[in-house]
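Fold and geometry: a report
Each chain is listed here by its residues.
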Amino acid sequence: MAKKFLWIIAALIILTLAVLFALRIWASELTAIAFVPTTEFTEQEALQANAYEDPGLWYSRPGIGVSDPARWQPAVKVQEGDETAPATAPTPAPTSAATTAAAGNSDFAVFFIHPTSFIDRSAWNAAIGDAEAERVARLYVRGMASPFNAANEIWAPRYRQATMGAFLTDAPEAEMALDAAYADVAQAYAYFRSSVGEDTPIVLVGHSQGSLHLLRLLREEIAGTTDTDRIVAAYVIGWPISQEHDLPQLPFPACSAADQTGCILSWSSFAEPDDPELVLNTYAQSTGFDGEKRGQSAILCTNPLTGIAGGTAAQDANLGTLVPEDDLSTGELVLGAVPARCDERGLLLIGDPPEMGSYVLPGNNYHVYDIPLFWANTKADVAARLSAWQAK
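The following paragraphs examine the structure supplied in this document. (Residues numbered from 1 in each chain as written. Predicted model: local features only at pLDDT ≥ 70, side-chain atom pairs only at ≥ 80, totals over all residues. Heavy atoms only, no water.)

**A look at the side chain of Ser-117**
Structurally, Ser-117 is set in the loop between strand E3 (109-113) and helix H4 (131-144). Judged by relative accessible area, which is 7%, Ser-117 ranks as buried. Separated by 2.7 Å, the side chain of Ser-117 and the backbone oxygen of Ala-133 make a polar contact. The residues touching Ser-117, leaving out its near neighbours within four places in the chain, are Ala-133, Val-136, Ala-137, Tyr-140 and Gln-161. (Helix = DSSP H or I, 4+ residues; strand = E, 2+ residues; numbered from the N terminus. Buried < 20%, exposed > 50% of the residue type's maximum accessible area, 1.4 Å probe, protein only. Polar contact = N/O pair within 3.5 Å; in protein donor to acceptor, adjacent residues only side chain to side chain. Contact = heavy atoms within 4.5 Å.)

Here you go:
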């Protein structure tokens, strides 16, 4: 019996090793099988020209009120022995545009493009009204747009996003799905642009798929227009930007000072030991905005603790990490949670893996938490750049 038991244990060990080996060697193929749609691409019916006049096509916009997810603000975790939250902690945002404006330095508008929340392989694009995709998108707006809460206007459109599987294949349907999603984003931006005051400064924010669309928006809708004079900054987070093949084709440079305006911030977060092989391989094989392969070119990395491209900052410079509950519906700010260091590849390394929840991707990839890891510093960063813009 003991011998038989040992054989069973040995067989289980071999099976486990085989599975791990398969996941290691064929990780991208297995992921594609799980998420890439096998259905034909269906051309979406174009939205009506005035579609984004409807408040129902926005997760956040002026007039939504207390249900606006971008207006949520986290509590600050009080350290043991402290009777009050630290003075450096962000204060809760006002609950209306009028009181927000009264807080000072808040007369600006934010256009926020949420990341992928649709993972269904039954379609290449999410439908407006997909319950699960929109539930998750609202959580993303809550956690990622809320650092910009000092703005008196935050606009975050619903759009028919490409499904996650579109990023795992080079099939032509994937490109068509992304084009369809971008068409909605561009239409939403046009309405946003016509709705904010002519002299109102603008902050642009995207994450992941949202950043991909934001980069296209910068090239196709903003470059060469008067909007370039009113852009305080573009936070293009969670999407790699080649310093050699992409950045020169964009209308703004990388931010090289904490008070610089009209510039781009971008980072992609990994804990250590990091294993970004899949990400870097995909990046290397992709084509830059100049038409050349991105290859091994350095990725733009803004250190969110300093607001400057490159460099290292200790964790005591971190003003507050938004640590979410398991369902992402709420969370609290923890001071000094993680450091930040831009390495030679252009990845942002955050030291030992912090406890952020169950959505850490393989390779210690903290992609989902790119903004929450540096929530309070992002809030402070946009305030500093807005003050510099207003001073000009």
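Now that the structure has been shown, we can carry on.
**So, the sheet that holds strand E11 (residues 312-313)**
Read from one edge of the open sheet, 4 strands run E8-E15-E14-E11, paired in mixed fashion. A single partner strand is all that each edge strand has here, and the edge strands are strand E8 (269-270) and E11. (Pairing = 2+ DSSP bridges.)

**Side note on the packing of helix H5 (residues 172-195) against helix H6 (residues 209-222)**
Axis separation between H5 and H6 bottoms out at 10 Å; the angle between their running directions is 60 degrees. Comparing their axes, H6 and H5 come out oblique. With respect to the hand of their crossing, H5 and H6 are arranged in right-handed fashion. Residues Leu-178, Asp-179, Ala-181, Tyr-182, Val-185, Ala-186 and Tyr-189 of H5 lie in contact with H6, whose contacting residues are Gln-209, Leu-212, His-213, Arg-216, Leu-217, Glu-220, Glu-221 and Ile-222. (Axes fitted to C-alpha atoms, helices over the stretch in contact; angles between N-to-C directions. Parallel < 35°, antiparallel > 145°, perpendicular 65-115°, else oblique. Left-handed = near helix turned anticlockwise from the far one by under 90°.)

**Observations regarding the state of the cysteines**
Summed over the entire model, instances satisfying the criterion amount to 2 disulfides. The disulfide bridge from Cys-255 ends at Cys-263, spanning 2.0 Å between sulfur atoms. Given an S-S torsion of about 90 degrees, the disulfide between Cys-255 and Cys-263 has right-handed geometry. Classification of Cys-255 as buried rests on a relative accessible area of 0%. What pairs with Cys-301 in a disulfide is Cys-342, and their sulfur atoms sit 2.1 Å apart. Where Cys-301 bonds to Cys-342 through sulfur, the torsion about that S-S bond is close to -75 degrees, and the disulfide is left-handed. Of the two residues, Cys-301 is situated in the loop between helix H7 (277-285) and strand E9 (302-303) and Cys-342 in strand E14 (residues 340-342); the sequence distance between them amounts to 41 residues. Going through the protein chain in sequence order and numbering each bonded cysteine, the pairs you get are 1-2, 3-4. (Disulfide = S-S within 2.5 Å.)

**Let's talk about the sheet that holds strand E1 (residues 58-60)**
Strand order in this open sheet of 6 strands is E1-E4-E3-E5-E6-E7, and the pairing throughout is mixed. This sheet does not close on itself; its edge strands, each paired only once, are E1 and strand E7 (263-265). Averaged over all pairs of adjacent strands, the angle between their axes in this sheet comes to 20 degrees, without regard to strand direction. By the bridge criterion, 5 bridges tie E3 to strand E5 (residues 202-207) in an arrangement that is parallel. Following the sheet pairing, Ile-113 is matched in E5 by Gly-206. Seen against the sheet, H4 touches E1, E3, strand E4 (153-157) and E5 and runs at an angle of roughly 30 degrees to E1. Running at roughly 155 degrees to strand E6 (residues 231-237), helix H8 (residues 375-391) makes contact with E5, E6 and E7 of the sheet.

**Some words on H8**
Every α-helix carries 3.6 residues per turn, so stepping three or four residues along brings you back to the same face. Between its terminal C-alpha atoms H8 stretches 25 Å, which fits the 24 Å expected from 17 residues at 1.5 Å a residue. Within H8 the residues assigned to the buried category are Trp-375, Ala-376, Asn-377, Thr-378, Lys-379, Asp-381, Val-382, Arg-385, Leu-386 and Ala-388. Buried positions along H8 lie against H4, E5, E6, E7, strand E12 (321-324) and strand E13 (331-334). (Expected span 1.5 Å × (residues − 1).)

**Digging into empty space enclosed by the protein**
Tallying each qualifying case throughout the model produces 2 cavities of 30 Å³ or more. In this structure, the largest cavity spans a volume of roughly 150 Å³. Every residue lining the largest cavity is counted, 14 residues in all, and those nearest its centre are Leu-139, Gly-143, Pro-324, Leu-328 and Pro-372. Those elements that provide at least two residues to the lining of the largest cavity are H4 and E12. For the lining of the largest cavity, the element with the highest residue contribution is H4, accounting for 5 residues. (1 Å grid on protein atoms, 1.4 Å probe; cavity = no way out; pocket = protein on both sides within 12 Å on 5 of 7 lines; lining within 4 Å. Points joined across faces, edges and corners; volume = space filled by probe spheres on them.)

**Digging into the packing of aromatic side chains**
Within this structure, the stated rule accounts for 12 aromatic pairs. Seen from their ring centres, Phe-148 and Tyr-235 are 5.2 Å apart, and the 70 degrees between their planes marks the pair as edge-to-face. Remark: Tyr-235 occurs in strand E6 and Phe-148 occurs in the loop between H4 and E4; sequence separation between them is 87 residues. Aromatic pair Trp-155 and Tyr-191: ring centres 6.1 Å apart, planes at 65 degrees, arrangement edge-to-face. Of this pair, Trp-155 sits in strand E4 while Tyr-191 sits in helix H5, and the two are 36 residues apart along the sequence. An aromatic cluster is defined as three or more aromatic residues linked by ring pairs; in this entry it consists of Tyr-52, Trp-58, Phe-111, Trp-155, Tyr-189, Tyr-191 and Phe-192. A cation over an aromatic ring shows up here: Arg-219 above the ring of Phe-289, its NZ or CZ 3.9 Å from the ring centre. (Phe/Tyr/Trp six-rings, centres within 6.5 Å; stacked < 30°, edge-to-face > 60°. Lys NZ or Arg CZ within 6 Å of the ring centre and 35° of its normal.)

**What about the environment of Gly-357?**
Locating Gly-357 in the fold gives a position in the loop between strand E15 (348-349) and H8. On the basis of relative accessibility, which here comes to 23%, the residue Gly-357 falls in the partly exposed class. Separated by 12 residues in the primary sequence, Gly-357 and Tyr-369 have C-alpha atoms spaced 9.4 Å apart.

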